[in-house]
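# Coordinate analysis (summary)
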Amino acid sequence: MAEKYVLEMIDIEKQFPGVKALDHAQLKLRPGTVHALMGENGAGKSTLMKCLFGVYDEDGGEIIVDGKKTKFSNPKQAMENGVAMVHQELNQVLQRDVMDNIWLGRYPSKGGIISQRSMYEETKKVFDKLEIDVDPKSKMAKLSVSQRQMVEIAKAVSYNAKILVLDEPTSSLTQEEVDHLFRIINRLRDQGCAIVYISHKMEEILEISDEVTIMRDGQWVDTKSAAELTTDKIIKLMVGRDLTNRFPPKTNKMGEVILEVKNLTGKYQPSVIDASFELHKGEILGIAGLVGSRRTELIETIFGIAHKSEGEILLHGKPVDNKDSRTAIKNGFALLTEERRATGIFGGLSILFNSVIANIDRYSKLGLLNNKKMTEDTKWVIDSMKVKTPSQKTTIRSLSGGNQQKVIIGRWLLTEPEILLLDEPTRGIDVGAKYEIYQLIIDLASKGKGVIMVSSEMPELLGICDRILVMSNGHVSGITNTEELDQERIMAQAAKYV
């Protein structure tokens, strides 16, 4: 007897101008299993899913749902046929309440009148089934990211989805929230739902998945049972080469102290409290801590976009007052923010604009911009950062996450900073691109720049930093040479003031 699949995507082709996004890609999904879909940024994972949902029209191949050849013309039709997707970037109506968001476009009505009561009851029923503790009447804007994600999953379940696609569902969640999400996923799996799980986090994939499909350059590479895979095997299949070293060799040398932070306290609490540390020339200083330990607040206060109530910052022994970001840039500081899409890029504008914007004062004379110089500098960003793009005029939104990040790093390097503040520089980026960004960071430190880097990934901090400063509830709870640390010690320090 042939194996029963709830979804078969066979030899899917998709061409964009100048790029073959999918080349005979395939995916076979069994009911009641979690199937991980993995690959580097730009491997074609999201494009494949968009073909399934009718966002893109595939150029070739066929899609079979429940044994029937299918072609959805839009996502709404896909959802009505039991195929749902929770996107990484949640698209919700934040000004409305939870149940509005779940029933939008299909309100339960009697005689043409929308019944609030039956809407509430139906929502409650779905929430109870999934153990989601959210009031259906609360406003969407008041919920945390993880709660909003749960609402989105509940919406998919309310359509009685037999296929659910989760795209990077844990990228903004704490460990506790991840555990809750996994409980929901396991419950849906037991109810016979088939789940496609897209993520870069290897450990997670191995914990939750039954099967793993790996893609590379738009092609299907392999599908294996999760039980026979290890992190190293997955990396090898994804990258096509052995990444025995996830981190480049360290070539930077620590020199004299260039930055001193003394008794820094944020003006608007909860923020940093009485934080003091030093940064050396050519040093990569990691900042670890749990979610809510005020790591981001620390670097935002140094950069001047969060105000301090007391404390001082010395650069080369001289006090600097970063009142705002323009002053900070002039003083030789650069800040790479965590939320790339919200605060890092101008999505609808070109790579050129995104590359030169932090340095715009240098290109203008008497109110005129020097286009030649701007084009040269953008070319330098693209070449030195190895950005994959057809041209400078390409909108940055159309690049993969890793390439967007490289443009932003390049933008800051054009300002010739002395101190680089990096907040989660490799978030949502695949293994291959991560390696390149680590290499960039080490190269910058080798040129004598001071780098401060916030990261939630312990292996990353231990792999590339010289020292690690641990934050706990706004306080600096320890600063130690990396070779003397392991994950357990960091966690113990992180819990010190909680």
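Placed above this text is the structure.
These figures come from a predicted structure and were not determined experimentally.

### Focus: the pairing of strand S24 (residues 475-481)
Bridge count for strand S23 (residues 467-472) against S24 is six bridges, and the pairing is antiparallel. Bridging across to S24, Val470 finds its partner in Gly478. Where S23 folds back on S24, the antiparallel hairpin that results is connected by two residues, among which Asn473 adopts a positive phi of roughly 50 degrees.

### Things to note about unusual backbone geometry
The phi torsion at Glu168 lies on the positive side, around 45 degrees, for a residue other than glycine. Relative to the assigned elements, Glu168 resides in the loop between strand S9 (163-167) and helix H6 (175-190). Judged by its relative accessible area of 9%, Glu168 falls in the buried class. Positive phi, normally seen in glycine, also occurs at Asn263, with a value near 50 degrees.

### A few points about the packing of helix H15 (residues 401-414) against helix H16 (residues 431-446)
Between H15 and H16, the shortest axis-to-axis distance is 10 Å and the interhelical angle comes to 15 degrees. Here H15 is positioned roughly parallel relative to H16, judged by the angle of their axes. Where H15 crosses over H16, the handedness of that crossing is left-handed. Counting all contacts with H15, which are made through Gly402, Gln405, Lys406, Ile409 and Leu413, the residues of H16 involved are Ala433, Glu436, Ile437, Leu440 and Leu444. Here the residues of the contact of H15 with H16 sort into six nonpolar, two polar and two charged.

### Points about helix H14 (residues 371-384)
The periodicity of an α-helix, 3.6 residues per turn, causes residues three or four positions apart to be oriented the same way. Compared with the 20 Å implied by 1.5 Å per residue over 14 residues, the 20 Å span of H14 between its first and last C-alpha is a close match. Contacts from the buried residues of H14 go to helix H12 (351-356), helix H13 (360-363), strand S20 (368-369) and H15. For H14, the N-terminal capping position is held by Asn370, with its side-chain oxygen 3.2 Å away from the main-chain nitrogen of Lys372. Immediately beyond the C-terminal end of H14, within one or two residues, lies Lys386, with a positive phi of roughly 55 degrees.

### Quick word on the pairing of strand S16 (residues 308-315)
It is a general feature of regular strands that their side chains alternate between the two faces of the sheet. Taken together, the six bridges between strand S13 (residues 257-266) and S16 define a ladder with antiparallel strand orientation. By the bridge assignment for S16, Thr265 is matched with Glu310. Looking at chain direction, S16 and strand S17 (residues 318-320) are connected through three bridges and run antiparallel. Residue pairing for S17: Leu314 is matched across the bridge by Pro319. Between the end of S16 and the start of S17, which pair antiparallel, lie two residues, with His316 showing a positive phi angle near 50 degrees.

Thresholds applied
Residues numbered from 1 in each chain as written. Predicted model: local features only at pLDDT ≥ 70, side-chain atom pairs only at ≥ 80, totals over all residues. Heavy atoms only, no water. Pairing = 2+ DSSP bridges. Helix = DSSP H or I, 4+ residues; strand = E, 2+ residues; numbered from the N terminus. Buried < 20%, exposed > 50% of the residue type's maximum accessible area, 1.4 Å probe, protein only. Axes fitted to C-alpha atoms, helices over the stretch in contact; angles between N-to-C directions. Parallel < 35°, antiparallel > 145°, perpendicular 65-115°, else oblique. Left-handed = near helix turned anticlockwise from the far one by under 90°. Contact = heavy atoms within 4.5 Å. Nonpolar A, V, L, I, M, F, W, Y, C, P; charged D, E, K, R; others polar. Expected span 1.5 Å × (residues − 1). Polar contact = N/O pair within 3.5 Å; in protein donor to acceptor, adjacent residues only side chain to side chain.

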